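Coordinates in review
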2 protein chains.
Amino acid sequence: MNPSSLAFWGASNNAMKMGTIQLTNVLETGFEGAVYPIHPSEETVLGLPAFKSVLDVGKPIDLAQLTLPTDVVPQVLEDCGKAGIRSVIIISGGFKEAPGDKGKQLERDILEIARKYDMHFLGPNCVGIFNSLRTFNSTTIPRPPMGGKIAFASQSGAYTAMINPYLRANGIKMCQTISVGNEADIDLADCLEYLVDEPEVNAIGLYVETVRRPREFIRAANAAVKKKPVVAVYVGGGEAGSRSSLSHTGALSGPDQVYDGLFEQAGVIRANDMDEMFDFLWALSLAPLPSGRRMAVISNSGGPGTSLAYHLEKAGMSVPLFSEELVQQLKAVTGRLAYVGNPIDLTFEMDLFLFKKLVELVFESGEVDGALLYGIFGWQDFMVNLEKRFPDIKKMQGAWEDAYFDFLDKMVAIPKEYGLPLFVMSFMGASSPSISPLIDGGVPAFQSASRAARAMKAMCDYREIREGK
Amino acid sequence: MNPSSLAFWGASNNAMKMGTIQLTNVLETGFEGAVYPIHPSEETVLGLPAFKSVLDVGKPIDLAQLTLPTDVVPQVLEDCGKAGIRSVIIISGGFKEAPGDKGKQLERDILEIARKYDMHFLGPNCVGIFNSLRTFNSTTIPRPPMGGKIAFASQSGAYTAMINPYLRANGIKMCQTISVGNEADIDLADCLEYLVDEPEVNAIGLYVETVRRPREFIRAANAAVKKKPVVAVYVGGGEAGSRSSLSHTGALSGPDQVYDGLFEQAGVIRANDMDEMFDFLWALSLAPLPSGRRMAVISNSGGPGTSLAYHLEKAGMSVPLFSEELVQQLKAVTGRLAYVGNPIDLTFEMDLFLFKKLVELVFESGEVDGALLYGIFGWQDFMVNLEKRFPDIKKMQGAWEDAYFDFLDKMVAIPKEYGLPLFVMSFMGASSPSISPLIDGGVPAFQSASRAARAMKAMCDYREIREGK
């Protein structure tokens, strides 16, 4: 994950080759180590001197990446061993996952070669890794959403690579991804063992079609979840799903309930699908954990408030009635039409700073373990017609903007101050300038009540897992 | 929903008043009927001559909108009655939903006034309507995502209005929304009765915290679903949810199971939350219905293919093995590493037109009732680094673009030709230029396997509801 130098097979000066695309991404993403392209005929590759054989390089090589036709992989892996390389990424497919016996034999062959030279390798049949902590990206994807504190290890290459536009649009960043492919050598249990000690990673996601070494997986996960949450998507169960999984990574899957049991033993939180997994990881990587399952709901609108309360209760949390003392404190700051039970419904309310006061009051009370808020959406989208009729509106925008961003600054400080999670529900989307400062400040914003509630449940679940409950 | 003229209370020349914002939106959205602002002191409002009383207008008035303080609503409603107005929208809150008895009495009062003059009204405590079929928008929201064939009636005003940025970002358009507020007079059953005969509406959504007249609701829904699907979100169940609902629209909600039974009797499909409801409505409004529950999954990547198969089976559909004959036909067109069971996994495959061939083969076979496809994402996002090193890439973009859009054109023709639904799963997002032509052509694109599968289930469910199964 942190190579000091790289030997690369499969890149040329033909832009339409997968290896060329990957090596271009290594160089353009800003890798700082030495790069040695290996090519049988080219003198230079992407402007770098190319070598006929890795044995000609004559310098220590930390990592090799092989983006080659299946048949030549064993010989090149031998060369890697002879050159003293210990870590290899094998992108090439056509091994265990391919129809027929030949691929399975080839996979056994490369494993044997790796053992002989004391090498470890990722893949085959994977899309590689990226690591924003040390700016390394050897995937086919030019601009992964680097940053953040989420790491992701996956038995699907597509999910580590093609999901990037989704993550970008939703304001979610990843610092490390590992595509494990067929897991002939390195598997998800190894990834967990590695990621537990990465200090900048604080939440780990897994896409799972099979767990090849259940005992080691449980052991590694149990150690990991003492320090950071692990969330997994499992889609191997079911008839067609298992057929597909077998052809995909040569993985034998099992029924849902077996994996539910395995994840429970491992302390791993199961998510329904990729979108939910990233909701969970996002919340877990950004916000403080709730100390229990009592939630406050604050909104300026009945529908979203009712929806948040419903989905929180459905997910096993409570939205308790406030004490008479707290109700009086809330009434003292809200308007005549407001309902100050839990949920709090301000009805139509323009004073944003009231939200701040309400969140502080409910956090201060000790009566809840977290809060969910609906009612933040900025103003820009709502002024376009008004501006045409009232030109003065434009002049006021500067002052509004200052007040709005000042409000957001103060809101994101509250969860830190009280050590309690605050989630926002907003239809504006994470990439809206009205919302992104919340996310940058550690307050996740979800576009539906059920997603916010499910993510809060994952926070509660992890709290209990970590405490061994 | 289709006023020829409008009398409006509550707009002035103060841009910061809700009524001013709404009337500005009426005018800027392009309403073609006559508009009569009623104001006690202003000579003109937003450039239009204002009237002291509606009785001074002296012309027939089709619709009145009242955005006024609670206390003056009864007197103004009386005036409306005297002026011969039959349809009224009452935006004002402070009625049945407000704490105390006064609001409840006021709501009885306005209902009595309406009965006296044979008027019907929407609200109180609502945000109004928009109708893109006749370009009328009197909500506070300047740019609703108008168009499409979805209508939405809601007991939450926020969900008809503030959800627009979400819908826009997801490529979803609505042609009519109705915020019913407290439903003192017009309720959801009335909305269903109206919408069933709107020829340009082909899918109806409801946000429900209570059903006030269950018998009439079931009767109206039964009639509606013979012609078009009805999808409802219900969030009244649960303890805090019902509390919130009561304070929101004065609605008494009931346990989830009661409403499940009611919806089943009504033929209404229940969605979990707003995002899911719009997924369902989107699919139902765009794509042909499947003739059964047998689905083909086609992908160029194992993870998404396995996920689609898993979520389809989990949602009660089947992903059946293909016949030997079909397998041979598929093998004849795919590459060596492809798996042509169901799911079909092409592995890494650049030839887009192969997707077209495969969808045609599986539809032609009669072995499936619909298909879900992963593997369409355009190319623009993946070339940014390559373009820096290979300037010729830019020159090829034109030809690629032509081929890509030609491919999308041909893909959207297939569901129409076979009368079977094709759903795409893609992480690119509906607003990406690589995906939007699919949507414009009637092929919905979902950003996760579970969302695509759940929406396909709603399609199957509606088919069976319509056929009375």
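Remember, predicted model here, so these are calculated numbers, not experimental data.

1. Considering the packing of helix α7 (residues 214–225) of chain A against helix α9 (residues 256–266) of chain A
Residues and elements named next belong to chain A.
- Their axes nearest at 8 Å, the elements α7 and α9 cross at an angle of 40°. Between α7 and α9, the interaxial angle falls into the category oblique. Facing P214, F217, I218, A221, N222 and V225 of α7, the residues of α9 in contact are L262, F263, Q265 and A266.
- Looking at side-chain class alone, the contact of α7 with α9 contains eight nonpolar, two polar and no charged residues.

2. Examining the interface of chain B and chain A
- Contacts between the two partners involve 89 residues from chain B and, on the opposite side, 89 residues from chain A.
- Regarding the contact of chain B and chain A, the summed buried area is about 7200 Å², with carbon and sulfur atoms giving 60% of it.
- Taken as a group, Y310, R389 and F427 of chain B account for 10% of the area that chain B buries against chain A, more than any other trio of residues on that side.
- Scanning the region where chain B abuts chain A turns up four salt bridges.

3. Topic: the environment of R451 of chain B
- Note that R451 of chain B resides in helix α17 (residues 449–466).
- For R451 of chain B and F51 of chain B, which are 400 residues apart along the polypeptide, the C-alpha to C-alpha distance reads 52 Å.
- Those residues within four positions of R451 of chain B in sequence are excluded, and the remaining contacts are D275 and R451 of chain A together with Y166, D275, D279 and F446 of chain B.
- Of note is the side chain of R451 of chain B, whose polar atom sits 3.0 Å from the side chain of Y166 of chain B.
- Within polar-contact distance, the side chain of R451 of chain B engages the side chain of D279 of chain B at 2.8 Å.

4. A word on the sheet that holds strand β7 (residues 120–122) of chain A
Residue and element names in this part refer to chain A.
- If you walk across this open sheet you meet the five strands as β2-β1-β5-β6-β7, and the pairing is parallel. Of all the strands in the sheet, the pair left with one neighbour each is β2 (34–38) and β7. Here the strands of the sheet are splayed against their neighbours by 20° on average, with no regard to which way each runs.
- Here strand β6 (residues 87–90) runs beside β7; their pairing, made up of three bridges, is parallel. By the bridge assignment for β7, V88 is matched with F121.
- Most of the contacts of helix α1 (residues 18–29) go to strand β1 (residues 5–9), to which it runs at about 160°, and overall it touches β1, β2 and β5 (63–66).

5. Overview of the relation of the copies chain B and chain A
- When chain B is fitted to chain A, the best match, at an RMSD of 0.0 Å, comes from turning it 180° and sliding it 0.0 Å along the axis. Taken together, the rotation and translation describe the operation of a two-fold axis. For chain B, the minimum C-alpha distance to the rotation axis belongs to A169 of chain B and amounts to 4.9 Å.
- Comparing interface residues between copies, 100% of those in chain B also lie at the interface in chain A; the contact surface is shared.

6. Overview of the packing of aromatic side chains
- Enumeration according to the criterion identifies 36 aromatic pairs over all chains in this entry.
- Each residue in the set Y159, Y166 and Y207 of chain A together with Y374, F377 and F427 of chain B is aromatic and connected to the rest through ring pairs, giving one cluster.

7. Brief notes about the packing of helix α10 (residues 274–286) of chain B against α17 of chain B
All names here are of chain B.
- The N-to-C vectors of α10 and α17 enclose an angle of 60°; their axes lie 9 Å apart at closest approach. Here α10 lies oblique to α17, going by the angle between them. Considering how the two elements wind past one another, α10 and α17 form a crossing that is right-handed. Facing D275, E276, D279, F280, A283 and L284 of α10, the residues of α17 in contact are R451, R454, A455, A458, M459 and Y462.
- For the contact of α10 with α17, the class distribution of residues is seven nonpolar, no polar and five charged.

8. Regarding the environment of F280 of chain B
Residues and elements named next belong to chain B.
- By the element assignment, F280 lies in helix α10.
- Residue classification places F280 among the buried residues on the basis of a relative accessible area of 4%.
- If we ignore the near neighbours within four places in the chain, the residues touching F280 are V231, I269, R270, A271, R454, A455 and A458.

9. Regarding the sheet that holds strand β18 (residues 422–425) of chain A
Residue and element names in this part refer to chain A.
- Within the open sheet, the five strands sit side by side as β16-β15-β17-β18-β19. Their pairing is parallel. Among the strands making up the open sheet, the edge pair consists of β16 (344–345) and β19 (445–446).
- Relative to strand β17 (residues 370–374), strand β15 (residues 295–299) runs parallel, the two sharing five bridges. Among the inter-strand pairings, V297 is bridged to a residue of β17, identified as L372.
- Its contacts with the sheet put helix α13 (residues 353–365) on β15, β16, β17 and β18, and the angle it makes with β15 is roughly 165°.

10. Digging into the state of the cysteines
- Taken as a whole, this structure holds zero disulfides over all chains when the rule is applied.
- Unpaired in this structure, C175 of chain B has its nearest cysteine sulfur neighbour in C191 of chain B, at a distance of 13 Å.

11. Here we look at the environment of D440 of chain A
- Following the sequence through the fold, D440 of chain A ends up in helix α16 (residues 436–440).
- Along the primary structure D440 of chain A and G148 of chain A are separated by 292 residues, whereas in three dimensions their C-alpha atoms are 9.8 Å apart.

12. Thoughts on the side chain of S432 of chain A
- Examined against the element boundaries, S432 of chain A turns out to sit in the loop between β18 and α16.
- Owing to a relative accessible area of 11%, S432 of chain A belongs among the buried residues under this scheme.

13. Some points on helix α11 (residues 302–314) of chain B
- Between its terminal C-alpha atoms α11 of chain B stretches 18 Å, which fits the 18 Å expected from 13 residues at 1.5 Å a residue.
- Burial analysis of α11 of chain B places eleven of its 13 residues in the buried class, which makes it a mostly covered element.

14. Considerations on unusual backbone geometry
- For the bond from G123 of chain A to P124 of chain A, the omega torsion is -5°, close enough to zero to count as cis.
- If you trace the backbone, P124 of chain A turns up in the loop between β7 and β8 (129–131).
- The residue D118 of chain A is not glycine, and still its phi comes out positive at about 55°.
- As for its placement among the helices and strands, D118 of chain A is situated in the loop between α3 (102–116) and β7.
- In the Ramachandran plot, N125 of chain B falls in the positive-phi region, its phi being about 65° despite a non-glycine side chain.

Criteria and cut-off values
- Residues numbered from 1 in each chain as written.
- Chains lettered and ligands numbered in written order.
- Predicted model: local features only at pLDDT ≥ 70, side-chain atom pairs only at ≥ 80, totals over all residues.
- Heavy atoms only, no water.
- Axes fitted to C-alpha atoms, helices over the stretch in contact; angles between N-to-C directions.
- Helix = DSSP H or I, 4+ residues; strand = E, 2+ residues; numbered from the N terminus.
- Parallel < 35°, antiparallel > 145°, perpendicular 65-115°, else oblique.
- Contact = heavy atoms within 4.5 Å.
- Nonpolar A, V, L, I, M, F, W, Y, C, P; charged D, E, K, R; others polar.
- Buried area = accessible area lost by both parts, 1.4 Å probe.
- Salt bridge = Lys/Arg side-chain N within 4 Å of Asp/Glu carboxyl O.
- Polar contact = N/O pair within 3.5 Å; in protein donor to acceptor, adjacent residues only side chain to side chain.
- Pairing = 2+ DSSP bridges.
- Least-squares fit on C-alpha atoms with pLDDT ≥ 70 in both.
- Phe/Tyr/Trp six-rings, centres within 6.5 Å; stacked < 30°, edge-to-face > 60°.
- Left-handed = near helix turned anticlockwise from the far one by under 90°.
- Buried < 20%, exposed > 50% of the residue type's maximum accessible area, 1.4 Å probe, protein only.
- Disulfide = S-S within 2.5 Å.
- Expected span 1.5 Å × (residues − 1).

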